Amino acid sequence: MTMTSTATLCAPLDPTLERAWTVLETVPDPEIPVVSIRELGILRDVRRAVDGVLEVVITPTYSGCPAMSQIAEDVAHALDVAKLAPYRIQTVLAPAWTTDWMTADARDKLRAYGIAPPTGHCATDTPHEKVVRFVPRALPAPACPRCGSVHTERLAQFGSTACKALYRCIDCREPFDYFKPY
């Protein structure tokens, strides 16, 4: 499946854009190398800017994500190796990234890697608006990515990165990261 913006859907096929999407599919997330930035939904769009330059749009998983400079460098390197210059990399904060943008493959890869994928959906009725909640909503405990048990407990609000929480399976006693839903 080719991920394209609405504007790209109406435009004639551009082989350079298609090639850029394919090249960027191989760029891994620097913190979780088993998933690509495209699978995580960090890679938002690849398009032609008004001036004709290739424009790559990325969105951080949260506004303070320390990996964004590395992701931009990795995108630039992939485009350079593929000889897809000139290009421009644009970081966009709105709409805010949501775990709803993760592909099913990304969720499966996270689980196989030992990270429990986010549960539930965060989407609102209005696709480009997010409701700010100051009171945490109760979510079901994530299933252990190793044994599948839902008999788990949270040990810490933050795991190996700020976008993950640290859990432990009470049945198999193994600790694991849980990718928090946003």
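Reference entry: report on the structure contained in this document. Keep in mind the model is a prediction, meaning the values are calculated, not measured.

### Section: the sheet that holds strand β6 (residues 164-169)
Taken together, the 4 strands give an open sheet; going across it, the order is β4-β7-β6-β5, and neighbouring strands pair in mixed fashion. For this open sheet the edge positions go to β4 (115-116) and β5 (152-156), each flanked by a neighbour on one side alone. When β6 meets strand β7 (residues 175-179), the two strands line up antiparallel, connected through 5 bridges. In the sheet register, L166 faces β7, and the bridge partner there is D177.

### Some points on the packing of aromatic side chains
Per the counting criterion, the structure on display carries 3 aromatic pairs. With centroids separated by 6.0 Å and ring planes inclined at 50°, the aromatic side chains of W97 and F179 adopt a geometry described as tilted. A residue pair is termed long-range when its members are at least 10 positions apart, and W97 in the loop between β3 (87-91) and α5 (104-113) and F179 in strand β7 qualify at 82 residues. Each of the two residues, W97 as well as F179, counts as buried. Ring geometry for Y167 versus F176: centroids 5.9 Å apart, planes at 25°, classification stacked. A relative accessible area of 2% places F176 in the buried class. Three or more aromatic residues link up through ring pairs in this structure, and these residues are Y167, F176 and Y178.

### Things to note about α5
For α5, every residue scored as buried is listed here: A106, R107 and L110. Projected down its long axis, α5 shows its buried positions confined to an angular sector of 100°, all on one face. Facing away from the buried surface of α5 by more than 90 degrees, the exposed residues are A104 and A112. Tucked into the core, α5 has its buried residues touching α3 (37-40), β4 and β7. Directly after α5, the chain includes G114, whose backbone phi takes a positive value near 100°.

### Some remarks on the sheet that holds strand β2 (residues 54-58)
Pairing is mixed in the open sheet, where 3 strands are placed in the order β1-β2-β3. Each edge of the open sheet is held by one strand with a lone partner, namely β1 (43-48) and β3. Averaged over all adjacent pairs, the angle separating strand axes in this sheet is 20°, with direction ignored. Here β1 pairs with β2 via 5 bridges, running antiparallel. Bridge assignment links V46 to a residue of β2, and that residue is V56. Packing against the sheet, helix α2 (residues 15-24) makes contact with β1 and β2, and its axis sits at approximately 155° to β1. The sheet strands contacting helix α4 (residues 68-81) are β2 and β3, and the helix crosses β3 at an angle near 160°.

### Focus: the pattern of salt bridges
Throughout the structure, instances matching the rule amount to 9 salt bridges. Its salt-bridge partner being R48, residue D14 comes within 2.9 Å of it at the nearest N-O pair. Residue D14 is located in the loop between α1 (6-10) and α2, and its partner R48 is located in strand β1; the two are separated by 34 residues in the primary sequence. Measuring nitrogen to oxygen at the nearest pair gives 3.4 Å for the salt bridge that ties R38 to E25.

### Quick word on the side chain of K164
As for its placement among the helices and strands, K164 is situated in strand β6. Buried charge K164 goes without a salt bridge, the closest partner of opposite sign being D177 at 4.1 Å. There is a polar contact of 3.2 Å between the side chain of K164 and the side chain of S160. Contact partners of K164, with chain neighbours within four places excluded, come to I32, I115, Q157, F158, G159, D177, Y178, F179 and K180.

The rules behind these values
Residues numbered from 1 in each chain as written. Predicted model: local features only at pLDDT ≥ 70, side-chain atom pairs only at ≥ 80, totals over all residues. Heavy atoms only, no water. Pairing = 2+ DSSP bridges. Helix = DSSP H or I, 4+ residues; strand = E, 2+ residues; numbered from the N terminus. Phe/Tyr/Trp six-rings, centres within 6.5 Å; stacked < 30°, edge-to-face > 60°. Buried < 20%, exposed > 50% of the residue type's maximum accessible area, 1.4 Å probe, protein only. Arc of directions from axis to C-beta. Contact = heavy atoms within 4.5 Å. Axes fitted to C-alpha atoms, helices over the stretch in contact; angles between N-to-C directions. Salt bridge = Lys/Arg side-chain N within 4 Å of Asp/Glu carboxyl O. Lys, Arg positive; Asp, Glu negative; His and termini not counted. Polar contact = N/O pair within 3.5 Å; in protein donor to acceptor, adjacent residues only side chain to side chain.

The quantities given are spatial measurements derived from coordinates; they are silent on function.
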